[in-house]
Structures are given as C-alpha cells and as structure tokens.
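Residue strings, one per chain:
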Amino acid sequence: MTTAQDRELLLDELGLNAQNKAGLGKVLNTGSIGEATERDDGTMEATVRIKPDEICWDPSILVLPHGGDLELTLINDDQNTHCALLPSNGDRKFIWLVNHSKGKALLNLDGPGYYWYSSPTGNDEGRGLTGTIVVLGDVPPEARLDRPDQPRP
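Colleague: Would you explain the overall build of the chain in this entry?
Modeller: The secondary structure content of the chain amounts to 1 helix and 11 strands. Expressed as a percentage of the 153 residues in the chain, the buried residues total 41%. Considering only contacts within the chain whose residues lie at least 6 apart along the sequence, 57% involve residues at least 24 apart. Of the accessible surface of the chain, which amounts to about 9200 Å², a share of 51% is contributed by carbon and sulfur atoms.

Following this line, the structure appears as structure tokens:
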C-alpha cells in the first residue's frame, strides 16, 4: 500500500504512468483531479484536455459540487485524432476531436454518482483514454428508498 505522495513515484517506477511503458497507456484514472467552477446562474464549467502522447484526460477525474448542467470544454493537444462519448441525462453526447482541436459539450448530470466517459475510437479506451465525472450530493427525497435512515460518516 502506498500513500498519495508515493503514488506518482511508484507508478513511474512500475512504468504505468506513461504511454508505451509497461502498458500501452496510463492505468485508468491515475491522473489528476479537477473541480468544476460554478457560474452565477448555477451552470458549472470545466475543461479537460488530452496532452500530447499521454493518451489520458487531464484531469482524469472531474468533481462537480452538485448535480445540474455542465459546460465541458474538451481540448485535444495530441497529434492523433480522438473523440469523446460523454454521459448526459436523456442521451449521450459525442464530440469528434481531430488533432489540435477544441470542442464544447453541454451535459446534464442531475443525480449524485460516478459517470465515466471515454474515446471509443481505435483502442483509445484500452490505452487509458477514459475519465470520470463525480457528482457530489445526496439523492433527492423523492428518489430515496422507503427504509429507515442509514448512519452517515
């Protein structure tokens, strides 16, 4: 077991934190963590990017303070074409990202939980180009199960 500070060193030592080392890409979600910012109107915004030759989203984990609308900017700084298949209530969103391009997606994630997204072209997912959006909060009262209150940490 390692501490958070030792994690990057161990991943580097094992060759798991870069493309073309022990694996073809980074181990899923071993990248950075970012937080969305909230505008005055309640819409959240964030930017994720694909760095050159890294085959991972940066940040690979994006945290939203609550459910709602998110304007997500995606930047492909890589020399290869990728895409993004993103979660959103009602229907998924798809954005094609040619090399050195930028796109925007308007997502609605109204419930707390983990939502994953990826680039399903080629073997991008298998090489580590997956990300997670974590929506904080609690389930609204109308969606809760009819059971006694559960202990909270």
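Colleague: What should I look at first to understand unusual backbone geometry in this one?
Modeller: A negative phi angle is the norm for most residues apart from glycine, just as the trans form is the norm for most peptide bonds. Each neighbour pair has its own omega, and for D58 with P59 the value is 0°, a cis peptide bond. With respect to the secondary-structure elements, P59 resides in the loop between β4 (57–58) and β5 (61–64). Despite not being glycine, D53 shows a phi value in the positive range, around 60°. The topology assignment puts D53 in the loop between β3 (44–50) and β4.

Colleague: Please explain the side chain of S88 as it appears in this structure.
Modeller: Mapped onto the elements, S88 comes out in the loop between β7 (82–86) and β8 (93–97). Overall, the relative accessible area of 13% leaves S88 in the buried class. Residues within four places of S88 in sequence aside, it is in contact with K93, L106, L107, N108 and L109.

Colleague: Could you clarify how one ought to interpret the nonpolar core in this entry?
Modeller: Nonpolar side chains in soluble globular proteins tend to be buried together. Counting residues in each nonpolar core, the largest one holds 24 residues, and the members touching the most others are W57, L64, L70, L72, L74, L86 and I133. Examining the composition of this core, we find that 4 residues originate from one element, β3, more than from any other. Aside from chain neighbours lying at most four places away, what touches L70 is A36, M44, E45, A46, L62, L64, A105, L106, L107 and I133.

Colleague: What's the story with the pairing of strand β6 (residues 68–76) in this structure? I'm lost.
Modeller: The two faces of a sheet get side chains in turn, since along a regular strand they alternate between them. Of all 9 residues in β6, 8 are buried, a share of seventy percent or more. Relative to β6, β3 runs parallel, the two sharing 7 bridges. In the sheet register, I50 faces β6, and the bridge partner there is N76. Bridging between β6 and strand β9 (residues 101–109) involves 9 bridges; their strand directions are antiparallel. The residue of β9 that forms the bridge with I75 is K102.

Calculation criteria
- Residues numbered from 1 in each chain as written.
- Predicted model: local features only at pLDDT ≥ 70, side-chain atom pairs only at ≥ 80, totals over all residues.
- Heavy atoms only, no water.
- Helix = DSSP H or I, 4+ residues; strand = E, 2+ residues; numbered from the N terminus.
- Buried < 20%, exposed > 50% of the residue type's maximum accessible area, 1.4 Å probe, protein only.
- Contact = heavy atoms within 4.5 Å.
- Areas by Shrake-Rupley, 256 points an atom, 1.4 Å probe, with all protein chains shown as cover.
- Core = buried A, V, L, I, M, F, W, Y, C linked by side-chain atoms within 4.5 Å.
- Pairing = 2+ DSSP bridges.

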